[in-house]
Amino acid sequence: MMISVVIPLYNEEENVQPLLDELLPVLDGMKLAHEVILVDDGSVDATGARIAAARAAHPDRIRHIALERNTGQTAALDAGFRAVRGDVVVMMDGDLQVDPRDIPRMVEHLQGWDMVHGWRWQRRDTFFKRIQTRIANRVRNVLTGSDVHDTGCPLKVMRREVVERFRLFTGLHRFLITLARMEGFRTLEVKVAHRPRLMGTSKYGLLNRVFRAFRDLFAVRWMMARHYRLEARELGVEGAPKDLRKGVESEGRAG
Ligand code: UDP
Ligand code: MG
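Summary of the structure given here. (Residues numbered from 1 in each chain as written. Chains lettered and ligands numbered in written order. Predicted model: local features only at pLDDT ≥ 70, side-chain atom pairs only at ≥ 80, totals over all residues. Heavy atoms only, no water.)

1. What about helix α1 (residues 16–30)?
As a reminder, the rule being used: The numbering of helices and of strands both runs from the N terminus, where a helix is a DSSP run of H or I of at least 4 residues and a strand a run of E of at least 2. Helix span, as expected, comes to 1.5 Å for every residue beyond the first. Between buried and exposed lies partly exposed: a residue is buried under 20% and exposed over 50% of the maximum accessible area for its type, with that area taken using a 1.4 Å probe on protein chains only. Our arc is simply the arc of the directions from the helix axis toward the C-beta atoms. Contacts were defined at the residue level, with two residues in contact if any of their heavy atoms lie within 4.5 Å.
Its 15 residues give α1 an end-to-end C-alpha distance of 21 Å, which sits within 8% of 21 Å, the value for a rise of 1.5 Å per residue. Those residues of α1 that sit buried are V16, L19, L20, L23, L24, V26, L27 and M30. Seen end-on, α1 carries its buried residues on one side only, within an arc spanning 165°. Lining the buried residues of α1 we find β1 (2–9), β2 (33–40), α2 (47–57), β3 (62–66) and α4 (103–109). Positioned one or two residues after α1, K31 has a phi angle of 55°, which is positive.

Written out as structure tokens, the structure is:
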């Protein structure tokens, strides 16, 4: 089994090295093959240089993907997802707000699930941001018929098949649980630690988080309403027919 950790970074120069100082020992402790894919989302500070230095120090396990221009968190994650080589994909933010030490437990839970996602227990964000998220989660749950406490938690662990199924658009990184469930994957929520952001700044404010996410919610609702299960085979050809399937559970672990 190999683990691929995907981390989007936009102007996080002070966080790259502290992040790796925490993450790499955790991965070492898991005694599994791994790679860390650092995706520079068009940063204009020294993020790219810091990633390059880290790769020079650990060429065997750090990969450096650079977006031509700042394209957004979803796009940066997508670039990383397309590059993964592991069978287990971990996604997390690069600002150290989640704790890499939660990863091993989440990977263990993946035994019986397709995606294990965090619930930031005791959020360490401003009161204003916590209120925004609480309302956003409530509204999202009502409109998507879901019961997840923290859909926006940046720490998620998935089988590679899950990320291969994603067709992403800007903003959809906030809806990955819904998108995975829509495709028939089974998801589990587990409590994870949360810490205040010590360095760098948040890339979102009220306008580009709450209002955009609200609008995106209707797109996701539309996708759910229009989603179909496709089970089809080509007949009359030699050999085993190619399976033309979409959103169909894979032997007993989706549903
Ligand atoms: N990020 C990114 N591209 C962007 C905005 C953010 O790659 O256009 C990254 C950012 O560097 C961080 C993660 O996405 O690693 C989450 O961003 P942030 O911490 O600002 O979000 P918040 O925690 O405030 O929701
Ligand atoms: Mg953050």
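2. Some details on a nonpolar patch on the surface
Defined as follows: For patch building, the residue pool is restricted to those with more than 30% relative accessible area and no salt bridge; the joining distance is 9 Å between like charges and 5 Å between nonpolar side chains (Val, Leu, Ile, Met, Phe, Trp, Tyr). Residue burial considers only the protein chains on display, and all accessible areas are found by Shrake-Rupley using a 1.4 Å probe. A carboxyl oxygen of Asp or Glu within 4 Å of a side-chain nitrogen of Lys or Arg is what we treat as a salt bridge.
Taken together, the side chains of F128, L206, L207 and F211 define a hydrophobic patch exposed on the protein surface, amounting to about 440 Å² of accessible area. Top contributing element to the nonpolar patch by residue count: helix α8 (residues 206–226), with 3 residues. Within the fold, F128 resides in helix α5 (residues 127–144). F128 gets classed as exposed once you look at its relative accessible area, which sits at 52%.

3. What to know about the nonpolar core
Stated formally: For our purposes a nonpolar core is just a set of buried Ala, Val, Leu, Ile, Met, Phe, Trp, Tyr and Cys residues, chained together by side-chain atoms within 4.5 Å.
Judged by nonpolar contacts, the single largest core of 32 residues is most densely connected at V5, I7, V36, M92 and L155. Elements that contribute at least two residues to this core include exactly β1, α1, β2, α2, β4 (88–91), α4 and β7 (187–192). By residue number, the principal contributor to this core is α1, which donates 7 residues. Apart from residues no more than four positions distant in its own chain, V5 is found in contact with L23, L27, E35, V36, I37, V90 and M92. Judged by nonpolar contacts, the second largest core, of 30 residues, contains V39, F166, L179 and M223.

4. What to know about the coordination of the magnesium ion (ligand 2)
Defined as follows: For Na, K and Ca the donor cutoff is 3.2 Å, while for all other metals N, O and S atoms count as donors only within 2.8 Å; water does not appear among the atoms, so some sites may look incomplete.
Every protein donor of the magnesium ion (ligand 2) is accounted for by D95 (OD) and Q97 (OE1), and the metal-donor separations fall at 1.9 to 2.5 Å. We classify D95 as buried; its relative accessible area is 5%.

5. Notes on the packing of aromatic side chains
Short version of the rule: Aromatic contacts are taken between Phe, Tyr and Trp rings whose centres are within 6.5 Å, Trp giving its six-membered ring; a plane angle under 30 degrees counts as stacked, one over 60 as edge-to-face, and the others as tilted. Criterion for a charge above a ring: Arg CZ or Lys NZ at most 6 Å from the ring centre, at most 35 degrees from the ring normal.
With the rule as written, the count across this model stands at 3 aromatic pairs. For the ring pair F81 and F166, a centre distance of 6.1 Å and an interplane angle of 35° mean the geometry is tilted. Taken together, the residues span a long stretch of sequence, with F81 in helix α3 (residues 73–83) and F166 in the loop between α6 (160–165) and α7 (176–182) at a distance of 85 residues. Residue F166 is classed as buried on the basis of its relative accessible area, which comes to 6%. Ring plane angle 85° and centroid distance 5.3 Å describe the contact between F214 and F218, whose orientation is recorded as edge-to-face. Taken as a pair, F214 and F218 lie in helix α8 at a separation of 4 residues, close to a single helical turn. Seen from the ring of W121, K191 lies directly overhead, with NZ or CZ sitting 3.8 Å from the centre.

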